[in-house]
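# Commentary on secondary and tertiary structure
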Amino acid sequence: MADSDLAHPLSPHTRLVTAGRPAAEPDAPLNEPVMFASTYHAGGERGYGRYGNPTWEAFEQVLGDLEGGTALTFSSGMAATSAVLSLLPEGAVVVAPETAYLGVLDQLRERRDAGRIQLRHVDITDPTEIKDAVQEAAMLWLESPANPKLEVADVASASAAARDAGAITVVDNTFATPLLQRPLALGADIVVHSATKLISGHSDVVLGATVTTNDDTRGRLERYRRLHGAIPSPMDTFLALRGLRTLGVRLDRAQANAATLVERLGAHPAVTTVRYPGSGTICSIEVAGGAEGADRVVGSVRLWVNTTSLGGVESTLERRRRWPSESETVDVSLIRLSVGIEDVDDLWADLAQALDTAAAP
Ligand SMILES: *Cc1c(COP(=O)(O)O)cnc(C)c1O
């Protein structure tokens, strides 16, 4: 059913269930089935499996609808990132966060070290710093909330400053999801997702996406996907859409759990700092005893899983500075927690017993 059939616009919580379905005809499936095809009969638009796939398109319709633009799916969040960075002309100035997803920062630094771009790092919470940095820039890259310290940018003012300076704004919306933040409506030009995380939500898929309202940009990103083969598997896209259908309820539950845990964490004597942007499912803590204290916590959990990824139905955690390239501005004891949908008292009991070991000598 199209929105226009109804007297009032449908809520995103409804649209993520209803969008991207095949036409409602007798015996048609309710949802788009997974289409395994490398080759199509000639004469249509798809032609070949690297150019198009109906399972991709169903996922793209739902994500595009939620973000308010046209979505393209890629083989991973990093493939989507590569596609977006391929838009940069040689020598372009890129403004990027000091701390953010490491793969993105590493890719930017690689391009800088190869002499292909100039890189300016900013504190994304400081609008004045952003405004100064975007002068003569081609692209402002934001991640908000940002990995792993969960800084939040004012996307509206930052993208307005970028636009005034002639730069485009890209927002990695992985942590917020379109249910909590719609960057295109705030003035951003491109949204990037690691659909590996909350969008698919079950820790079984690696997938990425871009969303934009600009047809020319969309065309260039799609061309990149074709020419560089950055295409997802139909099965992964199917699983991601299946997961996306329940994003609303997963997010509600995990967010409520996160809010409760943040409050309890703040009162635990072994926790020195709690970082939580006020919404979402990710929070970070710093604990007593430095890196060793944090390693004891991570090594003592039984229900929580020590793992680097996030955004699944399972609660996971990791000490970020175990990665050598993590920013030195991230405290050695910082543990990032991705809160899942388990019972909150079970989650707390496990964390509390693990935290008790942190302060222990
Ligand atoms: C995981 C992640 C990425 C990279 O996505 P992949 O799907 O792992 O390639 C980019 N940005 C953020 C914020 C992420 O969490």
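Calculation rules
Residues numbered from 1 in each chain as written. Predicted model: local features only at pLDDT ≥ 70, side-chain atom pairs only at ≥ 80, totals over all residues. Heavy atoms only, no water. Helix = DSSP H or I, 4+ residues; strand = E, 2+ residues; numbered from the N terminus. Buried < 20%, exposed > 50% of the residue type's maximum accessible area, 1.4 Å probe, protein only. Contact = heavy atoms within 4.5 Å. Near = heavy atom within 4 Å. Polar contact = N/O pair within 3.5 Å; in protein donor to acceptor, adjacent residues only side chain to side chain. Areas by Shrake-Rupley, 256 points an atom, 1.4 Å probe, with all protein chains shown as cover. Nonpolar A, V, L, I, M, F, W, Y, C, P; charged D, E, K, R; others polar. Pairing = 2+ DSSP bridges. 1 Å grid on protein atoms, 1.4 Å probe; cavity = no way out; pocket = protein on both sides within 12 Å on 5 of 7 lines; lining within 4 Å. Points joined across faces, edges and corners; volume = space filled by probe spheres on them. Domains from an automatic or database assignment. Salt bridge = Lys/Arg side-chain N within 4 Å of Asp/Glu carboxyl O. Axes fitted to C-alpha atoms, helices over the stretch in contact; angles between N-to-C directions. Left-handed = near helix turned anticlockwise from the far one by under 90°. Phe/Tyr/Trp six-rings, centres within 6.5 Å; stacked < 30°, edge-to-face > 60°. Lys NZ or Arg CZ within 6 Å of the ring centre and 35° of its normal.

### Topic: the overall build of the chain
The secondary structure content of the chain amounts to 11 helices and 12 strands. With respect to the three principal axes, the spread of C-alpha positions in the chain is 70 × 50 × 40 Å. Residues counted as buried form 52% of the 361 residues belonging to the chain. For the chain, long-range pairs separated by at least 24 residues make up 67% of all intrachain contacts whose partners lie at least 6 apart in sequence.

### Remarks on helix 3 (residues 77-85)
Counting buried residues along helix 3, eight of its nine residues qualify, which places the element largely inside the surrounding structure. Within the sequence span of helix 3, burial applies to Gly77, Ala79, Ala80, Thr81, Ser82, Ala83, Val84 and Leu85.

### Digging into the site of the ligand
Of all residues adjacent to the ligand, which total 13 residues, the nearest are Met78, Asp172, Ser194, Thr196 and Lys197. The contact in question runs from an oxygen atom of the ligand to an N or O atom on the backbone of Met78, over 2.8 Å. Summarising the interface, the protein chains cover 93% of the accessible area of the ligand, which totals 380 Å² for the free molecule. Broken down by class, the residue content of the shell around the ligand amounts to four nonpolar, six polar and three charged.

### Here's the deal with the pairing of strand 11 (residues 316-319)
Residues of strand 11 alternate between two faces, with Thr316 and Glu318 on one and Leu317 and Arg319 on the opposite face, all of them buried. Bridge count for strand 10 (residues 305-306) against strand 11 is two bridges, and the pairing is parallel. Paired with Asn306 across the two strands is Leu317, which belongs to strand 11. Pairing between strand 11 and strand 12 (residues 335-338): four bridges, direction antiparallel. Note that in strand 12 the partner of Leu317 across the bridge is Leu337.

### Section: the layout of surface pockets
In this structure, the largest pocket encloses a volume near 380 Å³. At the level of secondary structure, the elements contributing two or more residues to the lining of the largest pocket comprise helix 3, helix 4 (102-113) and strand 6 (190-194). A total of three residues in the lining of the largest pocket trace back to one element, the largest contributor, which is helix 3. For the lining of the largest pocket, the residue count by class is 10 nonpolar, nine polar and five charged. For the lining of the largest pocket, the domains that each give at least three residues are domain 1 (3-244) and domain 2 (248-355).

### Comments concerning the pattern of salt bridges
Close approach of charged atoms allows side chains of opposite charge to pair. For the structure shown, the criterion picks out 17 salt bridges. Among the ionic pairs, Asp345 bridges to Arg264, the shortest N-O distance being 3.0 Å. Here Asp345 is found in helix 11 (residues 344-359), whereas its partner Arg264 is found in helix 9 (residues 247-266), with 81 residues between them in sequence. Judged by relative accessible area, which is 43%, Asp345 ranks as partly exposed. Sharing partners across several salt bridges, the network here consists of Glu318, Arg320, Arg322, Glu326 and Arg336.

### Description of the packing of helix 2 (residues 54-67) against helix 8 (residues 234-244)
Between helix 2 and helix 8, whose axes approach to 8 Å, the crossing angle comes to 35 degrees. At the point where helix 2 passes helix 8, the crossing takes the left-handed sense. Facing helix 2, whose interface residues are Thr55, Trp56, Ala58, Phe59, Val62, Leu63 and Leu66, helix 8 presents Pro234, Thr237, Phe238, Ala240, Leu241 and Leu244. For the contact of helix 2 with helix 8, a count of residues per class yields 11 nonpolar, two polar and no charged.

### Structural notes on the environment of Arg15
Of note, Arg15 is situated in helix 1 (residues 12-18). In sequence terms Arg15 and Leu63 are 48 residues apart; their C-alpha atoms lie 9.9 Å from each other. At 2.8 Å, the side chain of Arg15 forms a polar contact with the backbone oxygen of Leu10.

### Some words on the packing of aromatic side chains
Each aromatic ring pair is specified by the distance between its two centres and by the angle formed by the two planes. Considering all chains together, one arrives at one aromatic pair under this definition. Ring plane angle 80 degrees and centroid distance 5.6 Å describe the contact between Tyr48 and Tyr51, whose orientation is recorded as edge-to-face. Over the face of the ring belonging to Tyr51 we find Arg226, whose NZ or CZ atom lies 4.2 Å from the ring centre.

### Looking at the sheet that holds strand 8 (residues 271-275)
Across the sheet, which stays open at both edges, the five strands sit in the order 8-9-12-11-10 with mixed pairing between neighbours. Each edge of the open sheet is held by one strand with a lone partner, namely strand 8 and strand 10. Packing against the sheet, helix 9 makes contact with strand 8, strand 9 (282-287) and strand 12, and its axis sits at approximately 150 degrees to strand 8. Packing against the sheet, helix 10 (residues 290-300) makes contact with strand 9, strand 10, strand 11 and strand 12, and its axis sits at approximately 155 degrees to strand 11.

Functional significance is not addressed by these values, which are geometric in nature.
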